[in-house]
Amino acid sequence: MHTFERSLKIMDKQSDLIKNSSANQLTDLFGMNHEKVLICQDKDSGLKAIIAIHSTTCGPALGGTRMWKYASDMDALKDVLRLSRGMSYKNAISGLNLGGGKAVIIGDSKTQKSANLFRAFGDFIESLNGDYITSEDVGISPDDMIHVAKQTKHVTGLPGKKGDPSPVTAFGVYMGMKAAAKSQFGNDSLQGKKIAVQGVGHVGEYLVEYLHKEGANITLTDINDSLLSKVSKRFNCNIVNPDEIYDVDMDIYAPCALGATVNDSTIPRMNCSIIAGAANNQLENENIHGSVLMNKGVLYAPDYLINAGGVMNCYAELHDFSNEKVMQMAENIYQTTAEIINHSKNNNIPTFLAANQKAEERLKKESSK
Ligand code: NAD
């Protein structure tokens, strides 16, 4: 379809959508104070998507697009609202001049992708005039982004640019883990430390490489047997079944697969001093489980702080930074994690809360400028 026709179609839809997605309505519903929520529908391509801009206080809202077969549209809305707020906090605490946003495309990423769907989605992003910048998330590949980029320049993670963010994410997680080790063990060496890694996918494998180089005693698990066998052979690690990972003898638990693995049933089984991994939303309920961990003497390195290497990679792509500069930014996660741990100790509050307070402090400071 001609770009001009697409623009007209979007303008028509926008008036309806703005009515349907008034910020006040969403604040009443969820109290998360989003700036803007856009419901995107294109009948020709079958696109159904939601773009949520939580905050542009620190800069344009950046966050990936997820394609998922949600059980209901309301589940998709809840997910995008929660994830976009998370991005505001992550970008704020990482010192990036970026706000928080996220998009979800409702559909099956295996059967419902098409060039037209991604082009229609690109038109909606373009209609936000740069307030939202996208990248890949679950279910989306760099190749999908090529179609989005035909309609808008507000895209990162394109093939041939900064590429896979996982190595940078893994390095940041490693830095956060070392800062936590310094606090718990008196020095940041991981040599001989017993570390249990759950998930040896993109990030997990790079993390294991760093841990192996430092001489850690590593136990791995994954539901993908061939990947598990490949990584364990490469780095000479022990392996256990997925459900056994919480019971192994470990100093550090590194969740690099799923969210919510730190919960009522796993915490009593875990006999570790530190939790530090790449997965998002590791605490099933941060208010409850953040305090339970603190009372148990387990140091939790806040997930969105130590896994921020991925978003740093996007930021670097936007600003044309060198690979060395991105790695320096990820190295700085060590310092930020140490500051958050100190803030938590000084105020006797869980680390997740210390991180949230620091992120909110920056948002407040930027909004008063
Ligand atoms: P991935 O899909 O490449 O790897 C995840 C691995 O976990 C897979 O090998 C999968 O088989 C395994 N897994 C799934 N369920 C499991 C279970 N129940 N027990 C054990 N293993 C299981 O994903 P990734 O890119 O490596 O990301 C890992 C986590 O880090 C995800 O939660 C992701 O959201 C988060 N994260 C990733 C990045 C990044 O740069 N890739 C950035 C920030 C956060």
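Owing to the predicted nature of the structure, the values given are computational and were not obtained by experimental measurement.

**Here's the deal with the overall build of the chain**
The helix and strand tally for the chain stands at 14 helices and 12 strands. Reported as C-alpha extents along the three principal axes, the dimensions of the chain are approximately 65 × 45 × 40 Å. Within the chain, contacts between residues at least 6 apart in sequence are counted, and of these 66% link residues at least 24 apart. One finds the centroid of the 38 positive side-chain charges in the chain at a distance of 2 Å from the centroid of its 42 negative side-chain charges.

**Quick word on the pattern of salt bridges**
Within this structure, the stated rule accounts for 17 salt bridges. In this structure, D79 engages R66 in a salt bridge whose closest nitrogen and oxygen atoms are separated by 3.6 Å. Here R66 lies in strand 4 (residues 65-68) and D79 lies in helix 3 (residues 73-93), a separation of 13 residues in the sequence. We note a salt bridge from R234 to E209, for which the minimum N-O separation is 3.7 Å. You can see R234 sitting in helix 8 (residues 225-235) and its partner E209 sitting in helix 7 (residues 202-213), a full 25 residues away along the chain.

**Section: the pairing of strand 7 (residues 194-198)**
Counting buried positions along strand 7 gives four out of five residues, so the element sits mostly inside the fold. Relative to strand 8 (residues 217-221), strand 7 runs parallel, the two sharing five bridges. Across the sheet, Q198 pairs through a bridge with T221, a residue of strand 8. Between strand 7 and its parallel partner strand 8, the chain crosses via helix 7, and the hand of that crossover is right-handed.

**Comments concerning the site of the ligand**
What surrounds the ligand is a group of 19 residues, the closest being T169, H202, V203, D222 and A257. In the model, an oxygen atom of the ligand is placed 3.0 Å from a nitrogen or oxygen of the A257 main chain. Out of a free accessible area of 820 Å², the ligand has 74% covered by protein chains. Broken down by secondary-structure element, the contributors of at least two residues to the shell around the ligand are helix 6 (166-185) and helix 7. Here the shell around the ligand is composed, by residue class, of nine nonpolar, nine polar and one charged.

**Details of the nonpolar core**
Core analysis: the largest hydrophobic core is formed by 63 residues, its most contacted members being M177, I195, V197, L207, V208, L211 and L220. In terms of residues, this core owes the most to one element, helix 6, which gives 10 residues. Counting only domains with at least three residues in this core, you end up with domain 1 (6-82 + 98-149) and domain 2 (166-307 + 335-360). Those residues in contact with L211 that sit more than four places away from it in its chain are Y174, M177, L190, I195, V197, A216 and I218. Judged by nonpolar contacts, the second largest core, of 23 residues, contains A103, I140, V155 and L158.

**A look at the domain arrangement of the chain**
Domain annotation of the chain identifies domain 1 (6-82 + 98-149) and domain 2 (166-307 + 335-360). Here the C-alpha centre of domain 2 lies 31 Å away from the C-alpha centre of domain 1.

**As for helix 8**
When we look at burial in helix 8, the residues that qualify are L228, V231, S232 and F235. Looking straight down helix 8, one finds that the buried residues subtend no more than 100 degrees of arc, so they occupy a single side. Facing away from the buried side of helix 8, by more than 90 degrees, are the exposed residues S226 and K233. Considering only its buried residues, helix 8 is in contact with helix 7, strand 8 and strand 9 (238-239). In the segment just after helix 8, N236 is the residue with positive phi, at about 55 degrees.

**Concerning the sheet that holds strand 11 (residues 274-275)**
Taken in spatial order, the six strands of this open sheet run 9-8-7-10-11-12, and their pairing is parallel. Looking at the sheet topology across the chains shown, the edges are occupied by strand 9 and strand 12 (299-300). Pairing geometry for strand 10 (residues 252-255) and strand 11, over two bridges, is parallel. The partner of Y253 across the bridge, within strand 11, is I275.

**Remarks on the pairing of strand 4**
Examined bridge by bridge, strand 4 and strand 5 (residues 99-106) share four bridges and lie parallel to one another. Paired with R66 across the strands is V104, a residue of strand 5. You can see the chain leave strand 4, run along helix 3 and come back into strand 5, and the turn it takes is right-handed.

**A few points about the packing of helix 6 against helix 13 (residues 333-347)**
Contact pair helix 6 / helix 13: the axes reach a minimum separation of 8 Å and the direction vectors enclose 40 degrees. Between helix 6 and helix 13, the crossing angle belongs to the class labelled oblique. When the axes of helix 6 and helix 13 are compared, the crossing they make is right-handed. Contacts between helix 6 and helix 13 involve G172, M175, G176, K178, A179, A180, K182 and S183 from the former and I333, Y334, T337, A338, I341 and K345 from the latter. In the contact of helix 6 with helix 13, the residues fall into seven nonpolar, four polar and three charged.

Parameters and conventions
Residues numbered from 1 in each chain as written. Predicted model: local features only at pLDDT ≥ 70, side-chain atom pairs only at ≥ 80, totals over all residues. Heavy atoms only, no water. Helix = DSSP H or I, 4+ residues; strand = E, 2+ residues; numbered from the N terminus. Contact = heavy atoms within 4.5 Å. Lys, Arg positive; Asp, Glu negative; His and termini not counted. Charge placed at Lys NZ, Arg CZ, Asp CG, Glu CD. Salt bridge = Lys/Arg side-chain N within 4 Å of Asp/Glu carboxyl O. Buried < 20%, exposed > 50% of the residue type's maximum accessible area, 1.4 Å probe, protein only. Pairing = 2+ DSSP bridges. Right-handed = clockwise from strand over helix to strand, strands pointing away. Near = heavy atom within 4 Å. Polar contact = N/O pair within 3.5 Å; in protein donor to acceptor, adjacent residues only side chain to side chain. Areas by Shrake-Rupley, 256 points an atom, 1.4 Å probe, with all protein chains shown as cover. Nonpolar A, V, L, I, M, F, W, Y, C, P; charged D, E, K, R; others polar. Core = buried A, V, L, I, M, F, W, Y, C linked by side-chain atoms within 4.5 Å. Domains from an automatic or database assignment. Arc of directions from axis to C-beta. Axes fitted to C-alpha atoms, helices over the stretch in contact; angles between N-to-C directions. Parallel < 35°, antiparallel > 145°, perpendicular 65-115°, else oblique. Left-handed = near helix turned anticlockwise from the far one by under 90°.

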